[in-house]
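A structural walkthrough
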Amino acid sequence: MSIRLNRAQPYALGLFRLVIGFLFACHGAASLFGVLGGSAGGGTVPAGTWPGWYAAVIQLVGGTLVALGLGTRVAALISSGSMAYAYFKVHQPESLFPLQNGGEASAVFCWAFLLLVFTGPGAVALDRLFSSRAGSGRESAPAREKAQAVSV
């Protein structure tokens with residue numbers, strides 16, 4: 001069973017990335033455009049207000065990039081940082097524990113994005129499509145020799 005699970009790991013990671021990115025982008029779209037119920041108090045976040053509007057832009061852009069698997073590690077790092085900031089600046093001063101201060105979503109998104117920074121995008125990501133195109137024909141001689149030795 002472990003062998004099957006290990007083979008499916010890149011696809012499970014890709015699905016995880018897609019879902020987390022989509023949910024994060026939905027938060028940004030709700031805050032910026034008032035869709036999906038709008039921001040926390042309903043409506044939209046006024047343009048340029050600190051930190052709400054900037055957080056919403058990071059959520060929309062970062063979530064979309066992560067969902068697509070494009071620039072995943074950088075987008076995930078910025079998204080994780082924004083959620084750490086949200087947790088420690090907005091939620092944690094209210095109470096120590098996330099269940100008491102309403103910071104569960106910020107904490108979960110922060111750790112989920114940090115995981116993606118270290119694991120990468122998984123399968124079915126635009127990062128992989130572009131990296132395979134960029135790498136074709138530009139392989140170094142030692143890498144080519146190693147690949148030939150493995151295939152023989």
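As a reminder, the structure under discussion sits directly above these lines.
Heads up: these notes are all about the structure in this document.

This part takes up the overall build of the chain. From N to C terminus, the chain includes 7 helices and 0 strands. Each helix and strand of the chain, placed in order from N terminus to C terminus, yields the pattern α-α-α-α-α-α-α. Across the 152 residues of the chain, 32% fall into the buried class. Excluding contacts between residues fewer than 6 apart, the proportion of contacts in the chain whose partners are at least 24 apart in sequence is 66%. If you sum the accessible surface of the chain, you get close to 9,700 Å²; carbon and sulfur atoms cover 68% of it.

Moving on, we come to the nonpolar core. The biggest cluster of nonpolar side chains holds 14 residues, and the ones touching the most others in it are Val66, Ala76, Met83, Phe109, Phe113 and Leu116. Within the residue set of this core, elements represented by two or more residues are helix H1 (2-33), helix H3 (72-91) and helix H5 (104-119). The dominant element in this core, judged by the number of residues it contributes, is H5, at 6 residues. Not counting residues up to four positions away in its chain, the partners in contact with Ala76 are Val66, Phe113, Leu116 and Val117.

Moving on, we come to a nonpolar patch on the surface. A cluster of nonpolar residues, Leu15, Leu18, Val19, Phe22 and Leu23, forms a patch on the protein surface that exposes about 460 Å² of accessible area. Turning to its location among the elements, Val19 is positioned in helix H1.

With that settled, the discussion passes to the environment of Ala76. Relative to the assigned elements, Ala76 resides in helix H3. Separated by 38 residues in the primary sequence, Ala76 and Leu114 place their C-alpha atoms 6.6 Å from one another.

What follows deals with helix H2 (residues 52-68). With 17 residues, H2 should reach 24 Å at 1.5 Å per residue; the first-to-last C-alpha distance of 24 Å fits that figure. Of the residues making up H2, those classed as buried are Ala56, Gln59, Gly62, Gly63, Val66 and Ala67. Looking straight down H2, one finds its buried side chains confined to an arc of 150°; they lie on one side. On its buried side, H2 packs onto H1, H3 and H5.

Before going further, it helps to spend a moment on the packing of H3 against H5. Contact geometry for H3 and H5: axes closest at 8 Å, N-to-C directions at 155°. The pairing of H3 with H5 is recorded here as roughly antiparallel in orientation. Note on packing geometry: the crossing formed by H3 with H5 is left-handed. Listed contacts from H5 to Arg73, Ala76, Leu77, Ser79, Ser80, Met83, Ala84, Ala86, Tyr87 and His91 of H3 are Ser106, Ala107, Phe109, Cys110, Phe113, Leu114, Leu116, Val117, Phe118 and Thr119.

Here Gly120 shows up in the loop between H5 and helix H6 (126-135). What makes Gly120 buried here is its relative accessible area of 1%. Along the backbone, Gly120 and Pro10 are 110 residues apart, and their C-alpha atoms lie at a distance of 9.5 Å. When residues no more than four places from it in sequence are discounted, the contact partners of Gly120 are Leu13 and Arg73.

Glancing now at the side chain of Ser106. Note on placement: Ser106 falls in helix H5. Every residue in contact with Ser106, bar those within four places of it in the chain, is listed here: Met83, Ala86, Tyr87 and His91.

Rules used throughout
- Residues numbered from 1 in each chain as written.
- Predicted model: local features only at pLDDT ≥ 70, side-chain atom pairs only at ≥ 80, totals over all residues.
- Heavy atoms only, no water.
- Helix = DSSP H or I, 4+ residues; strand = E, 2+ residues; numbered from the N terminus.
- Buried < 20%, exposed > 50% of the residue type's maximum accessible area, 1.4 Å probe, protein only.
- Contact = heavy atoms within 4.5 Å.
- Areas by Shrake-Rupley, 256 points an atom, 1.4 Å probe, with all protein chains shown as cover.
- Core = buried A, V, L, I, M, F, W, Y, C linked by side-chain atoms within 4.5 Å.
- Patch = residues over 30% accessible without salt bridge, like charges linked within 9 Å, V, L, I, M, F, W, Y side chains within 5 Å.
- Salt bridge = Lys/Arg side-chain N within 4 Å of Asp/Glu carboxyl O.
- Expected span 1.5 Å × (residues − 1).
- Arc of directions from axis to C-beta.
- Axes fitted to C-alpha atoms, helices over the stretch in contact; angles between N-to-C directions.
- Parallel < 35°, antiparallel > 145°, perpendicular 65-115°, else oblique.
- Left-handed = near helix turned anticlockwise from the far one by under 90°.

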